[in-house]
Amino acid sequence: MNLQSPITMGGRPLKMFSTRLEKLEIFTFEDFLLHLPSRYEDFSLISKIGRLQAGETVTIKGKVQESKNQYLRGNRIKTIQKAVLSDETGSIELTWFNQPFIVKAIPVGSDISVSGKVELSKKGLSISSPDYEIIFNEKSDSLHTGRLVPIYPETKGISSKWLRRQIHNILVQYGANIKDYLPVEVIKRNNFLDLHDALQEVHFPKSLVSATNARNRIAFDELFLLQLASIKKRSDWKIKKKGHKFEITKYQKKIDNLISSLPFILTDSQQIAVNEILTNLSTDQPMNRLLQGDVGSGKTVVGAIAMYLAYLNGFQSVLMAPTEILAEQHFETIKNLLEPIGVRVKIVTGSKKLTDEFDILIGTHAILNEKVLFSKLGLVIIDEQQRFGVNQRGIIRDKGENPHLLTMTATPIPRTVALTMYGNLDLSYLKELPKNRKLIKTWLVPPVKRDPGYLWIKKEIIENKSQAFIICPFIEESESMQTIKAAAKEYEKLSKDIFPDLKLGLLHGKLKGKEKNEILNKFRSGDFDILVSTPVVEVGIDIPNATIIMIEAAERFGLAQLHQLRGRVGRGDKQSYCLLFTDNPNSLHSPRLKGMETLYSGAELAELDLKLRGPGNLYGIAQHGVPKLKAASFSDTHTLHIAKREADKIFSELNKHILLSEKIENTAYSHVSPD
Ligand code: ADP
Ligand code: MG
């Protein structure tokens with residue numbers, strides 16, 4: 001048996017529990033051992049019954065004198081269980097509710113240990129709903145009382161008590177099979193517990209200090225293994241893959257001409273990113289670079305310049321976007337930019353098939369299914385890369401021979417996280433927004449200000465020739481019929497009652513690609529003053545003349561989404577506004593929505609999100625294939641640094657550490673992508 005084996009009990013699979021355990025992501029014995037306590041209940045104070053005081057949380061041991069079940073006529077409490085426990089110093093009453101089985105579990109005469117909080121009532125001292133366990137003999141380990149007791153994340157039908165017992169049994173039965181894969185030198189250098197002791201102590205600690213040490217070791221392992229897997233991937237990539245070397249010097253002038261033909265000057269960060277990309281493209285090692293830049297920082301043009309260089313070198317490029325709307329928009333932008341200088345730009349989406357030859361192909365994931373023949377694919381760009389699965393990224397790259405890869409995202413993945421997760425990637429950051437941008441004024445609008453809000457929007461549109469997005473509530477996860485109906489109704493109301501003199505359009509995800517495009521084009525060209533939309537416009541849409549975005553039921557969106565939505569405006573040099581509407585009075589004080597009023601960059605909002613939701617749910621990065629950490633946290637920079645330092649040291653001699661190499665081989669690190 002090894003710890004990766006599926007769970008069995010007495011040789012049989014644990015069928016009854018397996019679906020419940022799946023909810024806790026427990027599939028193997030190892031998963032059990034890594035199901036870590038969320039906290040400990042301190043029942044280590046052991047007292048004689050005669051010395052108990054009200055208010056204490058204690059453990060007492062004694063003999064059961066009475067044990068009975070009473071029926072009540074109550075609604076919630078139907079039965080009550082009462083027992084009397086005594087030792088040589090006194091006795092005390094114990095009560096439980098609705099747990100009739102307890103009477104059988106602790107029959108009169110049995111020796112038990114119970115833990116809980118002592119209360120004082122008219123009848124004297126008692127303990128209500130204590131944890132209890134039978135003492136079989138003096139030496140038997142106590143799990144549930146008389147010690148620091150682990151409390152686990154639970155699910156229906158799986159209690160901490162049950163988990164404690166299973167984990168204890170696994171440690172007793174299989175503890176000897178736990179082999180420490182960490183090199184001895186790493187353990188020594190960092191004063192770590194060995195793996196077996198760390199697992200033992202994290203579940204059943206002798207003290208809180210010991211629990212912390214144990215957890216530190218386990219947290220280190222998580223980050224260290226991730227880091228090693230990343231370094232390994234990067235090194236494999238370098239050794240194996242040969243790509244296409246692009247000529248740059250010869251075409252420098254043409255590239256410069258393209259850049260100076262732009263209606264704006266590149267920001268410093270854009271210029272640096274372009275240089276970094278061109279440097280990669282000029283070697284025969286395929287590029288694998290992530291371009292990260294806040295909403296509106298101008299990632300598209302950076303990608304376009306790279307594609308132009310591919311074209312000059314006689315290579316095709318493909319640019320993949322997550323939605324049809326976005327693909328169309330990129331298509332327009334890039335066609336306008338590059339077609340006049342001879343580049344054939346084409347598009348493939350669910351509603352548009354490819355007919356002609358192309359130099360640059362832009363599209364949605366429909367490109368993956370299309371029997372597109374790439375004669376010479378040299379560069380793949382993936383926009384909003386978090387929206388694509390690792391497999392999809394792989395399929396598109398396989399359409400060429402080790403093409404260069406550029407992925408783009410607006411998610412502010414902290415550098416430390418990026419380095420741990422994506423050690424195999426090069427990173428470019430667009431640090432600043434173009435100079436002409438103004439901060440988007442953001443207000444949280446209470447219900448009483450709704451009408452004045454509408455009036456203000458109308459005035460802005462008429463006086464400043466502005467345009468506005470109105471985003472309807474997000475009713476269900478996906479664009480359900482319900483969401484669309486609500487949007488249609490809102491559109492009716494707004495057109496008839498609120499803005500009868502303005503021209504409104506309605507956009508939602510169930511429209512055909514062509515219709516969507518027509519509507520967006522009409523908005524872009526100013527035929528509509530207001531675009532009423534479901535949250536489909538969330539990513540990427542670029543309409544610089546739109547300066548107002550009003551978001552209904554703002555409390556239903558996460559910070560990452562609100563920031564993406566807000567990023568639909570403020571894309572030109574005009575002052576822009578974001579109005580967050582909410583009809584929920586509690587939301588007017590929500591730190592999340594308040595944060596939107598004062599914080600403007602994705603990085604700052606990510607920090608707020610970290611504070612509000614804790615490190616388990618890093619802002620927007622769940623979709624980046626970042627695994628959930630069990631003991632470690634991406635905000636723990638101290639451990640991150642140590643893990644990185646140790647991984648760098650160990651990597652060159654990884655083959656000497658057989659257990660460690662196996663551990664890395666056997667763990668699926670799908671995030672360390674794309675490859
Ligand atoms: P994102 O990084 O969110 O994908 P886009 O590439 O869509 O941003 O660019 C946002 C807008 O900014 C576009 O209208 C684009 O033309 C414009 N833009 C890009 N770079 C600059 C710049 N250096 N100066 C001014 N405007 C720019
Ligand atoms: Mg974009």
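As a reminder, the structure under discussion sits directly above these lines.
Residues numbered from 1 in each chain as written. Chains lettered and ligands numbered in written order. Predicted model: local features only at pLDDT ≥ 70, side-chain atom pairs only at ≥ 80, totals over all residues. Heavy atoms only, no water.

### Comments concerning the sheet that holds strand 23 (residues 577–581)
Working step 1: As summarised here, the arrangement of the six strands in space is 18-23-22-19-21-20, forming an open sheet in which the pairing is parallel. At either margin of the open sheet sits one strand with a lone partner, and together these are strand 18 (441–445) and strand 20 (504–507). Taken over all neighbouring pairs, the strand axes of this sheet differ in orientation by 15 degrees on average, direction set aside.
Working step 2: Of the strand pairs in this sheet, strand 18 and strand 23 are connected by five bridges, and their pairing is parallel. Each bridged residue has a counterpart across the sheet, and for Leu444 the counterpart in strand 23 is Leu580.
Working step 3: The sheet contacts of helix 19 (residues 591–598) involve strand 18 and strand 23, and relative to strand 18 the element is tilted by about 150 degrees. (Pairing = 2+ DSSP bridges. Helix = DSSP H or I, 4+ residues; strand = E, 2+ residues; numbered from the N terminus. Axes fitted to C-alpha atoms, helices over the stretch in contact; angles between N-to-C directions. Contact = heavy atoms within 4.5 Å.)

### A closer look at the packing of helix 19 against helix 20 (residues 602–613)
Working step 1: The geometry of helix 19 relative to helix 20 is characterised by a closest axis approach of 11 Å and an angle of 160 degrees between their N-to-C directions. In terms of orientation, helix 19 lies roughly antiparallel with respect to helix 20. Both helix 19 and helix 20 take part in a crossing whose hand is right-handed. Two secondary-structure elements touch here, helix 19 through Pro591, Arg592, Gly595 and Met596 and helix 20 through Leu605, Leu608 and Leu612.
Working step 2: A breakdown of the residues in the contact of helix 19 with helix 20 according to their chemical character gives five nonpolar, one polar and one charged. (Parallel < 35°, antiparallel > 145°, perpendicular 65-115°, else oblique. Left-handed = near helix turned anticlockwise from the far one by under 90°. Nonpolar A, V, L, I, M, F, W, Y, C, P; charged D, E, K, R; others polar.)

### Describing the nonpolar core
Working step 1: Counting residues in each nonpolar core, the largest one holds 61 residues, and the members touching the most others are Phe32, Leu163, Phe220, Phe224 and Leu660.
Working step 2: Element by element, the count of residues in this core is highest for helix 7 (residues 208–240), at 12 residues.
Working step 3: Excluding residues that lie within four positions of it along the chain, Phe224 makes contacts with Leu182, Ala643, Glu646, Ala647, Ile650 and Leu660.
Working step 4: Counting 43 residues, the second-largest nonpolar core is a separate cluster that includes Leu309, Ile334, Leu338 and Ile347. (Core = buried A, V, L, I, M, F, W, Y, C linked by side-chain atoms within 4.5 Å. Buried < 20%, exposed > 50% of the residue type's maximum accessible area, 1.4 Å probe, protein only.)

### Some thoughts on the sheet that holds strand 12 (residues 316–320)
Working step 1: Read from one edge to the other, the open sheet built from seven strands follows the order 13-14-12-15-16-11-17, with strand pairing classed as parallel. Because the sheet does not close on itself, it has two edges, and the strands there are strand 13 (345–348) and strand 17 (426–430). Taken pair by pair, the neighbouring strands of this sheet meet at an average axis angle of 20 degrees, ignoring direction.
Working step 2: Across five bridges, strand 12 lies against strand 15 (residues 377–382) in parallel orientation. When the bridges of strand 15 are listed, Leu319 appears paired with Ile381.

### Side note on the pairing of strand 19 (residues 467–471)
Working step 1: By the criterion of burial, strand 19 is predominantly enclosed, with five of the five residues buried.
Working step 2: What you see with strand 19 is no split at all: Gln467, Phe469 and Ile471 on one side and Ala468 and Ile470 on the other are buried throughout.
Working step 3: Pairing analysis gives five bridges linking strand 19 to strand 22 (residues 546–551), with the strands arranged parallel. Counted as the bridge partner of Ile470 is Met550 from strand 22.
Working step 4: As paired strands, strand 19 and strand 21 (residues 530–533) are joined by four bridges and run parallel to one another. The residue of strand 21 that forms the bridge with Phe469 is Leu531.

### With respect to the site of ligand 1
Working step 1: Taken together, 16 residues sit near ligand 1, with Gly296, Thr300, Arg437, Asp542 and Arg571 positioned nearest.
Working step 2: Note that a nitrogen atom of ligand 1 is positioned 2.8 Å from one of the backbone N or O atoms of Ile265.
Working step 3: Between an oxygen atom of ligand 1 and a side-chain N or O atom of Arg437, the distance comes to 2.6 Å.
Working step 4: For ligand 1, whose unbound accessible area comes to 560 Å², protein coverage reaches 86%.
Working step 5: Along the lines of polarity and charge, the residues of the shell around ligand 1 split into five nonpolar, six polar and five charged. (Near = heavy atom within 4 Å. Polar contact = N/O pair within 3.5 Å; in protein donor to acceptor, adjacent residues only side chain to side chain. Areas by Shrake-Rupley, 256 points an atom, 1.4 Å probe, with all protein chains shown as cover.)

### Observations concerning the pairing of strand 5 (residues 79–87)
Working step 1: A large share of strand 5 lies buried, amounting to eight of its nine residues.
Working step 2: When strand 5 meets strand 6 (residues 90–97), the two strands line up antiparallel, connected through eight bridges. Looking at the pairing, Val84 lines up with Glu93 of strand 6.

### Considerations on unusual backbone geometry
Working step 1: The backbone phi angle of Asn98 is positive, close to 55 degrees, even though this residue is not glycine.
Working step 2: When you line up the elements, Asn98 lands in the loop between strand 6 and helix 3 (101–105).

### Side note on the environment of Ala486
Working step 1: Residue placement: Ala486 occurs in helix 16 (residues 481–498).
Working step 2: For Ala486, a relative accessible area of 27% translates into the label partly exposed.

### Quick look at helix 17 (residues 513–524)
Working step 1: For helix 17, built from 12 residues, the straight-helix expectation of 16 Å at 1.5 Å per residue is met to within 8% by its first-to-last C-alpha distance of 16 Å.
Working step 2: Residues of helix 17 that are buried include every one of Gly513, Lys516, Asn517, Ile519, Leu520 and Phe523, and no others. Along the axis of helix 17, the buried positions cluster into a sector of 165 degrees, meaning they face one direction only.
Working step 3: Where helix 17 is buried, its residues contact helix 11 (324–338), strand 19, strand 20, strand 21 and strand 22.
Working step 4: Just downstream of helix 17 lies Gly526, where phi reads positive at about 90 degrees. (Expected span 1.5 Å × (residues − 1). Arc of directions from axis to C-beta.)

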